[in-house]
Amino acid sequence: MKRFFFHDPYLLIYGFVIVFFGSYGQTFYIALFNEDIRNFYNLTDGQFGFVYALATLVSSFLFINFAKLIDKIELRIYSTLIIIGLALACIGFNFIFDNIIHLFIILFLLRFFGQGAMTHAGSTSMARYFSLDRGKAISVATLGGMLGIMLIPKLVVSLQTFLDFKSIWFYSALSLLLLIPLVSILLFDQKKRDLTLLKKIKNQKVHKHWTITQILTDRIFFIYFPLALSSPFIGTGLIFHQIFIFDSKGWSIEMLGDGYLIFGLCSIFGLIIGGPLIDKINTKRAIPFVLVPLLISVFILFFFNSYFAFVIYMSLFGFNLGLSAPFMGSLWAEIYGVKSIGTAKALLHGVGVFASALSPVIFGYAIDWGFGIVAIFLISSIMIIVSAVLPIVYKHE
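Everything numeric here is computed off the predicted structure, so don't read it as measured data.

A. Spatial organisation of the overall build of the chain. A tally of regular secondary structure across the chain gives 19 helices and 0 strands. Counting only C-alpha atoms, the chain reaches 60 × 50 × 40 Å along its principal axes. Looking at the chain residue by residue over its 397 residues, the buried ones come to 55%. For the chain, the accessible surface area stands at approximately 18,100 Å², while carbon and sulfur atoms represent 70% of it.

B. Layout of empty space enclosed by the protein. Under the definition given, this model contains 2 cavities of 30 Å³ or more. In this structure, the largest cavity occupies an estimated 80 Å³ of space. Considering the residues around the largest cavity, the lining is formed by 11 residues, among which L238, Q242, Y313, M314 and F317 are closest to the centre. Sorting the residues of the lining of the largest cavity by element identifies helix 12 (219-240), helix 13 (242-249), helix 14 (254-278) and helix 17 (307-336) as the ones contributing at least two each.

C. Inspection of the packing of aromatic side chains at higher detail. Under the defined criterion, the tally for this structure stands at 37 aromatic pairs. A centroid spacing of 5.4 Å and a plane angle of 70° characterise the contact between Y29 and F33, whose relative ring orientation is edge-to-face. Assigned by exposure class, Y29 and F33 land together as buried. Ring pairs connect the aromatic residues F16, F20, F21, Y24, Y29, F33, F93, F165 and W169, which therefore count as one cluster.

D. Just unusual backbone geometry, in detail. Backbone geometry places N42, a non-glycine residue, at a positive phi of 55°. Following the sequence through the fold, N42 ends up in the loop between helix 4 (34-41) and helix 5 (45-66).

E. Up close: the nonpolar core. Grouped together as the largest cluster of nonpolar side chains are 66 residues, with contacts concentrated most on L110 and L176. Those elements that place two or more of their residues in this core are helix 2 (9-21), helix 3 (27-31), helix 4, helix 5, helix 6 (75-92), helix 7 (100-129), helix 8 (134-159) and helix 9 (165-186). Among residues more than four places away in sequence, those in contact with L110 are Y24, G25, I30, L86, A89, C90, F93, Q115 and W169. If you look at the next biggest cluster of nonpolar residues, it comprises 53 residues, including I212, I245, M255 and F319.

F. Layout of the pattern of salt bridges. The final tally for this structure, using the stated rule, is 1 salt bridge. Between E74 and R76 there is a salt bridge; the shortest N-O distance is 3.0 Å.

G. Looking closely at the side chain of S387. Of note, S387 is situated in helix 19 (residues 372-393). Separated by 3.3 Å, the side chain of S387 and the backbone oxygen of P226 make a polar contact. Leave out the neighbours within four places in its chain, and S387 touches P226, L227 and S230.

H. Spotlight on helix 13. Where helix 13 is concerned, the buried positions are Q242, I245, F246 and K249. Seen along its axis, helix 13 keeps its buried residues to an arc of 95°; they face one direction. The first or second residue beyond helix 13 is G250, which carries a positive phi of 80°.

I. Quick peek at the side chain of S59. Within the fold, S59 resides in helix 5. When its relative accessible area of 2% is taken as the criterion, S59 is described as buried. Of note is the side chain of S59, whose polar atom sits 2.7 Å from the backbone oxygen of T56.

J. Fine view of the packing of helix 2 against helix 6. For the pair helix 2 and helix 6, the least separation of the axes is 12 Å and the interaxial angle reads 20°. In this view, helix 2 runs roughly parallel relative to helix 6, as classed from their interaxial angle. Handedness of the helix 2/helix 6 crossing: left-handed. Facing helix 2, whose interface residues are L11, Y14, I18 and F21, helix 6 presents L75, S79, I83 and L86. Among the residues making up the contact of helix 2 with helix 6, the classes are represented as 7 nonpolar, 1 polar and no charged.

K. Main features of the environment of V51. Take V51: it is sitting in helix 5. When neighbours within four sequence positions are excluded, V51 is seen to be in contact with I100, L103, F104 and L107.

L. Expanded view of helix 7. Taking 1.5 Å as the rise per residue, helix 7 with 30 residues should run 44 Å; its terminal C-alpha atoms sit 42 Å apart, in good agreement. In terms of burial, helix 7 is largely enclosed, as 24 of its 30 residues are buried. A distance of 2.8 Å separates the backbone nitrogen of I101 from a side-chain oxygen at the start of helix 7, and that oxygen is part of N99.

M. Focus on a nonpolar patch on the surface. Taken together, the side chains of F170, Y171, L174, L177 and L178 present a nonpolar region at the surface, about 480 Å² in accessible area. Judged by its relative accessible area of 32%, F170 is partly exposed.

N. Expanded view of the packing of helix 16 (residues 292-303) against helix 19. Two elements in contact, helix 16 and helix 19, have axes separated by 10 Å at closest approach and are oriented at 160°. One element, helix 16, and the other, helix 19, form an angle in the roughly antiparallel class. Note on packing geometry: the crossing formed by helix 16 with helix 19 is left-handed. Contacts between helix 16 and helix 19 pair L294, L295, V298, F299, L301, F302 and F303 from the former with I373, V374, F377, S380, S381, I384 and I385 from the latter. Of the residues assigned to the contact of helix 16 with helix 19, the class counts are 12 nonpolar, 2 polar and no charged.

The rules behind the values
- Residues numbered from 1 in each chain as written.
- Predicted model: local features only at pLDDT ≥ 70, side-chain atom pairs only at ≥ 80, totals over all residues.
- Heavy atoms only, no water.
- Helix = DSSP H or I, 4+ residues; strand = E, 2+ residues; numbered from the N terminus.
- Buried < 20%, exposed > 50% of the residue type's maximum accessible area, 1.4 Å probe, protein only.
- Areas by Shrake-Rupley, 256 points an atom, 1.4 Å probe, with all protein chains shown as cover.
- 1 Å grid on protein atoms, 1.4 Å probe; cavity = no way out; pocket = protein on both sides within 12 Å on 5 of 7 lines; lining within 4 Å.
- Points joined across faces, edges and corners; volume = space filled by probe spheres on them.
- Phe/Tyr/Trp six-rings, centres within 6.5 Å; stacked < 30°, edge-to-face > 60°.
- Core = buried A, V, L, I, M, F, W, Y, C linked by side-chain atoms within 4.5 Å.
- Contact = heavy atoms within 4.5 Å.
- Salt bridge = Lys/Arg side-chain N within 4 Å of Asp/Glu carboxyl O.
- Polar contact = N/O pair within 3.5 Å; in protein donor to acceptor, adjacent residues only side chain to side chain.
- Arc of directions from axis to C-beta.
- Axes fitted to C-alpha atoms, helices over the stretch in contact; angles between N-to-C directions.
- Parallel < 35°, antiparallel > 145°, perpendicular 65-115°, else oblique.
- Left-handed = near helix turned anticlockwise from the far one by under 90°.
- Nonpolar A, V, L, I, M, F, W, Y, C, P; charged D, E, K, R; others polar.
- Expected span 1.5 Å × (residues − 1).
- Patch = residues over 30% accessible without salt bridge, like charges linked within 9 Å, V, L, I, M, F, W, Y side chains within 5 Å.

The following block contains the structure:
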């Protein structure tokens, strides 16, 4: 473990901070200002949700082509560009106009550069440059995002007692501008890092350049693709409709705060387990079983109503999030090599965001039609089982 941390500590810190500050474009951060934004624009929950979903979908499709740049230009330049992009989005709320198009542009930029580019840069750089300890490196970057979920909301709630929402977004932008010199220092020897990598992979066949078209015509991609899709689809659907789920199970809303604390701690535990584990085993053989904790949590959600069941459900839900991150990140590096890892992950990220935008709608209509928890259980469990079976059936191809 000591060798891992001292191999390239500056790059590890980069992966952690870039994902941590990418929190400004994540749903949990934007949702902290939900009421302020709706009141300013005089929007209902449904209207704001529609604009948000539209901005997310558009950003996911455009991001697929943009993210290929991380395979072609120096990481320091790419990082500076995306940080500036996210800072512009944040400062947009400080100079807000009563125009729905202005809101769409801000949300688009937040999702594109925060939820998209910053998170993608952290996980991709870890997967590319840490070949021996790829799982542990991806875990370090993912930990930045998880600590963001645990710490930033508390900070924002405290700031809201004496600052308005525009001021908080301004200080968010300021913190991003201060991040630029830090990233420049952390990546000061990036050219040397790239040359070392190129020499290392020069004669390795797996590390050829893949285009999006080539990946989409590769059968192996579609064998593992459902696994990458299942977790964001199911996870987003469960979180988005958590109030309905809690009411259906007879769980109090007060339990929600405790639930997310359990969720966060168990997700970190999943990272601690998953990172080192993936560096010791064959990813493609183990990946069919990575969603087992999520499957068990869905079963518990359907069959049990007690407080103990709630704790186990949130624990396994969070544990799966942490465990699957290093597995999924390592999988695509093994299949498509580190030269094209940015392209492959960009494609998956775009489709994953699209799936996460669909699940609230699909689960929502199932609830409206009276199927409720039954539909959520069936859709989720069937999706997980089918996703796991495909790599097992086609493992020799």
